[in-house]
Amino acid sequence: MNETRWIYIDGKFLPKEEAKISVYDHGFLYGDGVFEGIRAYEGNVFCLDEHIDRLFLSARAIALEPPISKKEFSDIIVETLKRNGLKSGYIRPIVTRGKGDLGLDPRKCPKPSVLVIADTLAIYPEEFYKNGLEIAIVATRRNLPTALPPQVKSLNYLNNILARIEVNRMNVGEGVMLNSEGFIAEATADNIFIVRKNVIETPATYHGALPGITRNCVIELARKDGKEVLETALTPYDLYTADECFLTGTAAEVVPVTKIEDRIIGSGKPGLITCRLRELFKSITSTRGRKY
Ligand code: PXG
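Nothing here was measured: the structure is a model prediction, and the numbers come from that model.

What about the overall build of the chain?
Along the chain, the regular secondary structure elements total 8 helices and 17 strands. For 292 residues, the compact-globule formula gives about 19 Å, and the C-alpha radius of gyration of the chain, at 19 Å, lands near that figure. The C-alpha extent of the chain, read off along each of the three principal axes, is 55 × 40 × 35 Å. Looking at the chain as a whole, 51% of its 292 residues are labelled buried. Total accessible area on the chain is roughly 14,100 Å²; 55% of this is exposed by carbon and sulfur atoms.

Following this line, the structure appears as C-alpha coordinates:
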(Lines give C-alpha, C1' and ligand atoms only; values in the text may rest on other atoms or scores of the structure.)
Protein backbone atom coordinates (compact mmCIF):
# COMPACT_ATOMS: atom_id res chain seq x y z
CA MET A 1 0.00 0.00 0.00
CA ASN A 2 2.85 2.36 0.97
CA GLU A 3 4.24 2.56 -2.54
CA THR A 4 7.01 5.03 -3.22
CA ARG A 5 5.74 7.94 -5.21
CA TRP A 6 8.09 9.71 -7.60
CA ILE A 7 7.61 13.43 -7.88
CA TYR A 8 8.94 15.54 -10.73
CA ILE A 9 10.66 18.75 -9.62
CA ASP A 10 12.62 20.92 -12.04
CA GLY A 11 14.10 18.19 -14.19
CA LYS A 12 14.44 15.43 -11.58
CA PHE A 13 12.29 12.62 -10.23
CA LEU A 14 12.54 12.41 -6.43
CA PRO A 15 10.90 10.05 -3.94
CA LYS A 16 7.94 11.70 -2.19
CA GLU A 17 9.86 12.09 1.11
CA GLU A 18 12.67 14.01 -0.61
CA ALA A 19 10.47 16.10 -2.91
CA LYS A 20 10.65 19.54 -1.33
CA ILE A 21 10.48 23.14 -2.46
CA SER A 22 12.18 26.15 -0.87
CA VAL A 23 10.42 28.11 1.87
CA TYR A 24 11.43 31.13 -0.22
CA ASP A 25 9.38 29.93 -3.20
CA HIS A 26 6.70 32.54 -3.83
CA GLY A 27 4.24 29.75 -4.53
CA PHE A 28 4.53 28.98 -0.82
CA LEU A 29 5.00 32.54 0.47
CA TYR A 30 2.23 34.18 -1.57
CA GLY A 31 0.29 31.53 -3.47
CA ASP A 32 2.03 32.93 -6.54
CA GLY A 33 1.72 30.15 -9.10
CA VAL A 34 -0.75 28.07 -11.08
CA PHE A 35 -1.81 24.45 -11.19
CA GLU A 36 -4.03 21.88 -12.88
CA GLY A 37 -5.98 18.84 -11.76
CA ILE A 38 -5.99 16.09 -14.39
CA ARG A 39 -7.14 12.47 -14.40
CA ALA A 40 -5.84 9.39 -16.11
CA TYR A 41 -8.26 6.59 -16.99
CA GLU A 42 -6.93 3.20 -18.06
CA GLY A 43 -3.75 4.51 -19.66
CA ASN A 44 -5.31 7.66 -21.10
CA VAL A 45 -4.60 11.15 -19.75
CA PHE A 46 -8.05 12.65 -20.14
CA CYS A 47 -8.12 15.90 -22.16
CA LEU A 48 -4.40 16.45 -21.59
CA ASP A 49 -4.01 19.15 -24.25
CA GLU A 50 -6.99 21.08 -22.88
CA HIS A 51 -5.55 21.01 -19.35
CA ILE A 52 -2.11 22.10 -20.56
CA ASP A 53 -3.68 24.92 -22.57
CA ARG A 54 -5.58 26.10 -19.47
CA LEU A 55 -2.40 25.87 -17.35
CA PHE A 56 -0.52 28.04 -19.83
CA LEU A 57 -3.41 30.55 -20.00
CA SER A 58 -3.48 30.73 -16.18
CA ALA A 59 0.29 31.33 -16.23
CA ARG A 60 0.00 33.99 -18.95
CA ALA A 61 -2.71 35.78 -16.97
CA ILE A 62 -0.36 36.18 -14.00
CA ALA A 63 2.64 37.04 -16.21
CA LEU A 64 4.39 33.79 -15.38
CA GLU A 65 6.33 32.08 -18.16
CA PRO A 66 6.70 28.30 -17.70
CA PRO A 67 10.36 27.36 -18.29
CA ILE A 68 9.34 24.39 -20.47
CA SER A 69 7.16 24.03 -23.57
CA LYS A 70 3.65 22.53 -23.72
CA LYS A 71 5.06 19.43 -25.43
CA GLU A 72 7.70 18.99 -22.71
CA PHE A 73 5.01 19.40 -20.04
CA SER A 74 2.84 16.79 -21.70
CA ASP A 75 5.79 14.35 -21.89
CA ILE A 76 6.72 14.93 -18.23
CA ILE A 77 3.13 14.21 -17.15
CA VAL A 78 3.11 10.92 -19.02
CA GLU A 79 6.58 10.04 -17.68
CA THR A 80 5.41 10.76 -14.10
CA LEU A 81 2.46 8.40 -14.53
CA LYS A 82 4.70 5.69 -15.97
CA ARG A 83 7.35 6.00 -13.22
CA ASN A 84 4.59 5.60 -10.65
CA GLY A 85 3.04 2.62 -12.41
CA LEU A 86 -0.30 4.43 -12.60
CA LYS A 87 -2.77 3.54 -15.34
CA SER A 88 -5.51 5.51 -13.61
CA GLY A 89 -5.10 8.32 -11.14
CA TYR A 90 -4.83 11.99 -10.47
CA ILE A 91 -2.13 14.33 -11.79
CA ARG A 92 -1.24 17.69 -10.29
CA PRO A 93 1.09 19.83 -12.44
CA ILE A 94 2.21 23.04 -10.73
CA VAL A 95 4.20 26.05 -11.90
CA THR A 96 5.36 28.35 -9.11
CA ARG A 97 6.96 31.77 -9.38
CA GLY A 98 10.09 30.15 -7.94
CA LYS A 99 12.60 31.17 -5.28
CA GLY A 100 12.93 34.85 -4.41
CA ASP A 101 13.34 36.90 -1.27
CA LEU A 102 10.68 37.86 1.27
CA GLY A 103 9.33 40.71 -0.85
CA LEU A 104 6.36 40.00 -3.09
CA ASP A 105 7.89 41.48 -6.25
CA PRO A 106 7.95 38.63 -8.80
CA ARG A 107 11.06 40.16 -10.41
CA LYS A 108 12.94 38.76 -7.41
CA CYS A 109 12.23 35.24 -8.66
CA PRO A 110 14.52 34.47 -11.59
CA LYS A 111 13.30 30.95 -12.35
CA PRO A 112 9.81 29.43 -12.06
CA SER A 113 9.64 25.91 -10.66
CA VAL A 114 7.78 23.05 -12.33
CA LEU A 115 6.36 20.15 -10.32
CA VAL A 116 4.25 17.16 -11.27
CA ILE A 117 2.64 14.91 -8.67
CA ALA A 118 0.73 11.77 -9.70
CA ASP A 119 -1.19 9.67 -7.23
CA THR A 120 -4.30 7.60 -6.83
CA LEU A 121 -7.59 9.47 -6.53
CA ALA A 122 -10.16 8.96 -3.79
CA ILE A 123 -13.23 8.76 -5.99
CA TYR A 124 -16.64 9.86 -4.75
CA PRO A 125 -18.80 7.18 -3.10
CA GLU A 126 -21.16 5.38 -5.49
CA GLU A 127 -24.04 6.56 -3.32
CA PHE A 128 -23.53 10.18 -4.49
CA TYR A 129 -24.22 9.08 -8.07
CA LYS A 130 -27.15 6.85 -7.13
CA ASN A 131 -28.99 9.24 -4.82
CA GLY A 132 -27.52 12.63 -5.68
CA LEU A 133 -25.89 15.29 -3.53
CA GLU A 134 -27.40 17.84 -1.24
CA ILE A 135 -25.93 21.30 -1.78
CA ALA A 136 -26.34 24.78 -0.29
CA ILE A 137 -25.48 28.34 -1.26
CA VAL A 138 -22.59 29.69 0.81
CA ALA A 139 -22.13 33.25 2.09
CA THR A 140 -18.61 33.64 0.68
CA ARG A 141 -18.86 35.33 -2.72
CA ARG A 142 -16.68 34.28 -5.66
CA ASN A 143 -13.65 36.53 -6.20
CA LEU A 144 -14.35 39.65 -8.24
CA PRO A 145 -13.03 39.13 -11.79
CA THR A 146 -11.64 42.66 -11.53
CA ALA A 147 -9.59 41.61 -8.48
CA LEU A 148 -8.56 37.99 -9.07
CA PRO A 149 -9.97 36.44 -12.26
CA PRO A 150 -11.74 33.15 -11.39
CA GLN A 151 -10.54 31.73 -14.74
CA VAL A 152 -7.03 31.53 -13.30
CA LYS A 153 -6.41 28.24 -11.52
CA SER A 154 -3.94 29.82 -9.12
CA LEU A 155 -2.22 28.44 -6.03
CA ASN A 156 -4.28 30.90 -4.01
CA TYR A 157 -7.47 28.92 -3.37
CA LEU A 158 -8.49 30.69 -0.17
CA ASN A 159 -11.70 32.00 -1.74
CA ASN A 160 -12.83 28.42 -2.40
CA ILE A 161 -11.44 27.12 0.90
CA LEU A 162 -13.44 29.67 2.90
CA ALA A 163 -16.51 28.47 0.99
CA ARG A 164 -15.55 24.83 1.69
CA ILE A 165 -15.35 25.57 5.44
CA GLU A 166 -18.97 26.76 5.25
CA VAL A 167 -19.92 23.60 3.33
CA ASN A 168 -18.39 21.44 6.05
CA ARG A 169 -20.25 23.33 8.77
CA MET A 170 -23.54 22.85 6.90
CA ASN A 171 -22.74 19.17 6.45
CA VAL A 172 -23.73 19.07 2.77
CA GLY A 173 -21.91 17.68 -0.28
CA GLU A 174 -20.94 20.87 -2.10
CA GLY A 175 -21.50 24.61 -1.87
CA VAL A 176 -22.68 27.05 -4.51
CA MET A 177 -20.87 30.37 -4.77
CA LEU A 178 -22.60 33.52 -6.00
CA ASN A 179 -20.75 36.39 -7.64
CA SER A 180 -20.81 39.89 -6.17
CA GLU A 181 -24.05 40.64 -8.03
CA GLY A 182 -25.85 37.59 -6.65
CA PHE A 183 -25.72 35.44 -9.78
CA ILE A 184 -24.62 31.82 -9.53
CA ALA A 185 -20.92 31.46 -10.35
CA GLU A 186 -19.98 27.83 -9.62
CA ALA A 187 -19.47 25.34 -6.79
CA THR A 188 -16.31 25.36 -4.63
CA ALA A 189 -14.47 22.85 -6.86
CA ASP A 190 -17.03 22.07 -9.56
CA ASN A 191 -19.11 23.79 -12.19
CA ILE A 192 -22.89 23.75 -11.89
CA PHE A 193 -25.70 23.04 -14.35
CA ILE A 194 -29.48 22.98 -14.17
CA VAL A 195 -32.09 21.52 -16.51
CA ARG A 196 -35.48 23.12 -16.98
CA LYS A 197 -38.06 22.30 -19.64
CA ASN A 198 -35.43 20.03 -21.27
CA VAL A 199 -32.99 22.92 -21.72
CA ILE A 200 -29.57 22.62 -20.05
CA GLU A 201 -28.31 25.84 -18.47
CA THR A 202 -25.02 26.80 -16.84
CA PRO A 203 -23.57 30.12 -15.70
CA ALA A 204 -21.49 31.85 -18.37
CA THR A 205 -17.85 31.93 -17.28
CA TYR A 206 -17.97 35.74 -17.00
CA HIS A 207 -20.25 35.26 -14.00
CA GLY A 208 -17.16 34.00 -12.18
CA ALA A 209 -16.62 30.35 -13.04
CA LEU A 210 -13.50 28.46 -13.89
CA PRO A 211 -13.87 27.30 -17.51
CA GLY A 212 -14.02 23.65 -16.46
CA ILE A 213 -12.72 21.01 -18.82
CA THR A 214 -15.51 18.68 -17.71
CA ARG A 215 -18.00 21.52 -18.22
CA ASN A 216 -16.79 22.03 -21.79
CA CYS A 217 -16.97 18.31 -22.56
CA VAL A 218 -20.50 18.06 -21.14
CA ILE A 219 -21.68 21.08 -23.16
CA GLU A 220 -20.23 19.54 -26.34
CA LEU A 221 -21.64 16.06 -25.64
CA ALA A 222 -25.10 17.45 -24.84
CA ARG A 223 -25.23 19.50 -28.04
CA LYS A 224 -24.07 16.53 -30.12
CA ASP A 225 -26.85 14.55 -28.44
CA GLY A 226 -29.34 17.11 -29.81
CA LYS A 227 -29.94 19.00 -26.57
CA GLU A 228 -30.12 22.73 -26.17
CA VAL A 229 -27.44 24.22 -23.87
CA LEU A 230 -27.42 27.83 -22.68
CA GLU A 231 -24.52 29.62 -21.01
CA THR A 232 -26.48 32.25 -19.20
CA ALA A 233 -27.23 34.13 -15.97
CA LEU A 234 -28.69 31.99 -13.18
CA THR A 235 -30.06 33.07 -9.81
CA PRO A 236 -30.76 31.12 -6.61
CA TYR A 237 -34.44 31.00 -7.69
CA ASP A 238 -33.42 29.13 -10.86
CA LEU A 239 -31.62 26.52 -8.76
CA TYR A 240 -34.48 26.15 -6.27
CA THR A 241 -37.01 25.57 -9.05
CA ALA A 242 -34.92 23.49 -11.50
CA ASP A 243 -36.16 20.14 -12.87
CA GLU A 244 -32.64 18.72 -12.56
CA CYS A 245 -29.28 19.90 -11.28
CA PHE A 246 -25.79 18.46 -11.55
CA LEU A 247 -22.14 19.37 -10.94
CA THR A 248 -19.15 18.74 -13.19
CA GLY A 249 -15.47 18.49 -12.30
CA THR A 250 -12.39 16.38 -12.79
CA ALA A 251 -12.87 14.55 -9.49
CA ALA A 252 -16.69 14.46 -9.50
CA GLU A 253 -17.17 13.85 -13.26
CA VAL A 254 -20.95 14.42 -13.60
CA VAL A 255 -22.67 14.18 -10.22
CA PRO A 256 -26.42 14.65 -9.70
CA VAL A 257 -27.78 17.13 -7.15
CA THR A 258 -31.15 16.20 -5.65
CA LYS A 259 -31.58 18.64 -2.79
CA ILE A 260 -30.77 22.28 -2.15
CA GLU A 261 -31.43 23.89 1.24
CA ASP A 262 -34.54 21.84 2.11
CA ARG A 263 -35.88 21.99 -1.44
CA ILE A 264 -36.14 18.73 -3.33
CA ILE A 265 -34.99 19.06 -6.93
CA GLY A 266 -37.35 17.48 -9.48
CA SER A 267 -38.46 14.07 -8.28
CA GLY A 268 -35.71 13.91 -5.64
CA LYS A 269 -33.86 11.31 -7.74
CA PRO A 270 -31.06 11.96 -10.27
CA GLY A 271 -32.67 13.38 -13.40
CA LEU A 272 -32.90 11.62 -16.76
CA ILE A 273 -30.81 14.16 -18.64
CA THR A 274 -28.22 14.17 -15.85
CA CYS A 275 -27.90 10.37 -16.04
CA ARG A 276 -27.67 10.48 -19.82
CA LEU A 277 -24.87 13.09 -19.67
CA ARG A 278 -23.04 11.08 -17.03
CA GLU A 279 -23.11 8.03 -19.33
CA LEU A 280 -21.97 10.08 -22.34
CA PHE A 281 -19.15 11.58 -20.30
CA LYS A 282 -17.99 8.21 -18.99
CA SER A 283 -17.92 6.89 -22.54
CA ILE A 284 -15.12 9.31 -23.50
CA THR A 285 -12.86 9.25 -20.41
CA SER A 286 -10.56 6.46 -21.55
CA THR A 287 -10.35 7.56 -25.17
CA ARG A 288 -10.23 11.35 -25.37
CA GLY A 289 -6.75 12.59 -24.49
CA ARG A 290 -3.23 11.19 -24.67
CA LYS A 291 -2.69 7.44 -24.44
CA TYR A 292 0.46 6.02 -22.87
N1 PXG B 1 -14.35 25.22 -10.49
C2 PXG B 1 -13.29 25.23 -9.66
C3 PXG B 1 -13.09 26.38 -8.74
C4 PXG B 1 -12.39 24.15 -9.69
O5 PXG B 1 -11.32 24.15 -8.88
C6 PXG B 1 -13.75 23.10 -11.40
C7 PXG B 1 -14.59 24.20 -11.35
C8 PXG B 1 -14.02 22.03 -12.40
O9 PXG B 1 -13.09 22.12 -13.49
P10 PXG B 1 -12.59 20.83 -14.28
O11 PXG B 1 -11.64 21.37 -15.27
O12 PXG B 1 -11.93 19.93 -13.26
O13 PXG B 1 -13.77 20.21 -14.90
C14 PXG B 1 -12.62 23.07 -10.57
C15 PXG B 1 -11.67 21.92 -10.62
C16 PXG B 1 -9.67 18.70 -5.78
C17 PXG B 1 -9.90 18.93 -7.22
O18 PXG B 1 -8.57 18.24 -5.44
C19 PXG B 1 -10.51 20.09 -7.63
C20 PXG B 1 -10.70 20.33 -8.98
C21 PXG B 1 -10.29 19.42 -9.90
C22 PXG B 1 -9.68 18.26 -9.47
C23 PXG B 1 -9.48 17.99 -8.11
O24 PXG B 1 -10.58 18.96 -4.99
N25 PXG B 1 -11.31 21.50 -9.32
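Some words on helix H5 (residues 158-170)
With 13 residues, H5 extends 18 Å from end C-alpha to end C-alpha; this agrees with the ideal 18 Å at 1.5 Å per step. Along H5, the positions that sit buried rather than exposed are Asn159, Asn160, Ala163, Glu166 and Val167. Down the axis of H5, the smallest arc covering the buried residues is 115°, so these residues share one side. Set apart from the buried face of H5 by more than 90 degrees, the exposed residues are Leu158 and Arg169. Those residues of H5 that are buried lie in contact with strand S9 (174-178). In the stretch just after H5, Asn171 is the one whose phi turns positive, near 60°.

Comments concerning the packing of helix H6 (residues 213-224) against helix H8 (residues 272-282)
The N-to-C vectors of H6 and H8 enclose an angle of 110°; their axes lie 10 Å apart at closest approach. Relative to H8, the element H6 lies roughly perpendicular. Facing Thr214, Cys217, Val218, Leu221 and Ala222 of H6, the residues of H8 in contact are Leu277, Leu280 and Phe281. Looking at the contact of H6 with H8 residue by residue, the class counts come to 7 nonpolar, 1 polar and no charged.

Re the state of the cysteines
With the rule as written, the count across this model stands at 0 disulfides. Unpaired in terms of disulfides, Cys275 finds its nearest cysteine sulfur in Cys245, a separation of 13 Å. By relative accessible area, which is 36% here, Cys275 ends up partly exposed.

Structural notes on the domain arrangement of the chain
Where interface size is given, it is often the accessible area lost as the parts come together that is meant. Annotation of the chain at the domain level lists domain 1 (6-119) and domain 2 (126-282). Using only C-alpha atoms to locate each centre, domain 1 and domain 2 end up separated by 27 Å. In this complex, domain 1 contributes 23 residues to the contact, which on the side of domain 2 involves 16 residues. Here domain 1 meets domain 2 over a buried area of about 1,400 Å², counting both sides, of which 67% is carbon and sulfur. Area buried by domain 1 at its contact with domain 2 is led by Phe35, Arg39 and Arg54, which between them contribute 40% of it. In this structure, Arg39 engages Glu253 in a salt bridge whose closest nitrogen and oxygen atoms are separated by 3.7 Å. Taken together, the links from domain 1 to domain 2 amount to 8 residue pairs in polar contact (both at pLDDT 80 or more). Among the elements of the structure, helix H1 (26-30), strand S3 (33-35), strand S4 (38-41), helix H2 (48-61) and strand S6 (89-96) are those that each provide at least two residues to the side of domain 1 that touches domain 2.

Re the packing of H2 against helix H3 (residues 70-83)
Running from N to C, H2 and H3 cross one another at 125°; their axes reach a closest spacing of 10 Å. On the basis of the axis angle, H2 is oblique to H3. As for how H2 packs across H3, the hand of that crossing is right-handed. In this structure, H2 contributes Leu48, Ile52, Asp53, Leu55 and Phe56 to the contact, and H3 contributes Lys70, Phe73, Ser74 and Ile77. Class assignment for the residues of the contact of H2 with H3 results in 6 nonpolar, 1 polar and 2 charged.

Some details on H6
End to end, H6 covers 17 Å across 12 residues, agreeing with the expected 16 Å (1.5 Å per residue, within 8%). Of all the residues in H6, the buried ones are Ile213, Thr214, Arg215, Cys217, Val218, Ile219, Leu221 and Ala222.

Calculation notes
Residues numbered from 1 in each chain as written. Predicted model: local features only at pLDDT ≥ 70, side-chain atom pairs only at ≥ 80, totals over all residues. Heavy atoms only, no water. Helix = DSSP H or I, 4+ residues; strand = E, 2+ residues; numbered from the N terminus. Rg over C-alpha atoms; globule rule 2.2 N^0.38 Å. Buried < 20%, exposed > 50% of the residue type's maximum accessible area, 1.4 Å probe, protein only. Areas by Shrake-Rupley, 256 points an atom, 1.4 Å probe, with all protein chains shown as cover. Expected span 1.5 Å × (residues − 1). Arc of directions from axis to C-beta. Contact = heavy atoms within 4.5 Å. Axes fitted to C-alpha atoms, helices over the stretch in contact; angles between N-to-C directions. Parallel < 35°, antiparallel > 145°, perpendicular 65-115°, else oblique. Nonpolar A, V, L, I, M, F, W, Y, C, P; charged D, E, K, R; others polar. Disulfide = S-S within 2.5 Å. Domains from an automatic or database assignment. Buried area = accessible area lost by both parts, 1.4 Å probe. Salt bridge = Lys/Arg side-chain N within 4 Å of Asp/Glu carboxyl O. Polar contact = N/O pair within 3.5 Å; in protein donor to acceptor, adjacent residues only side chain to side chain. Left-handed = near helix turned anticlockwise from the far one by under 90°.

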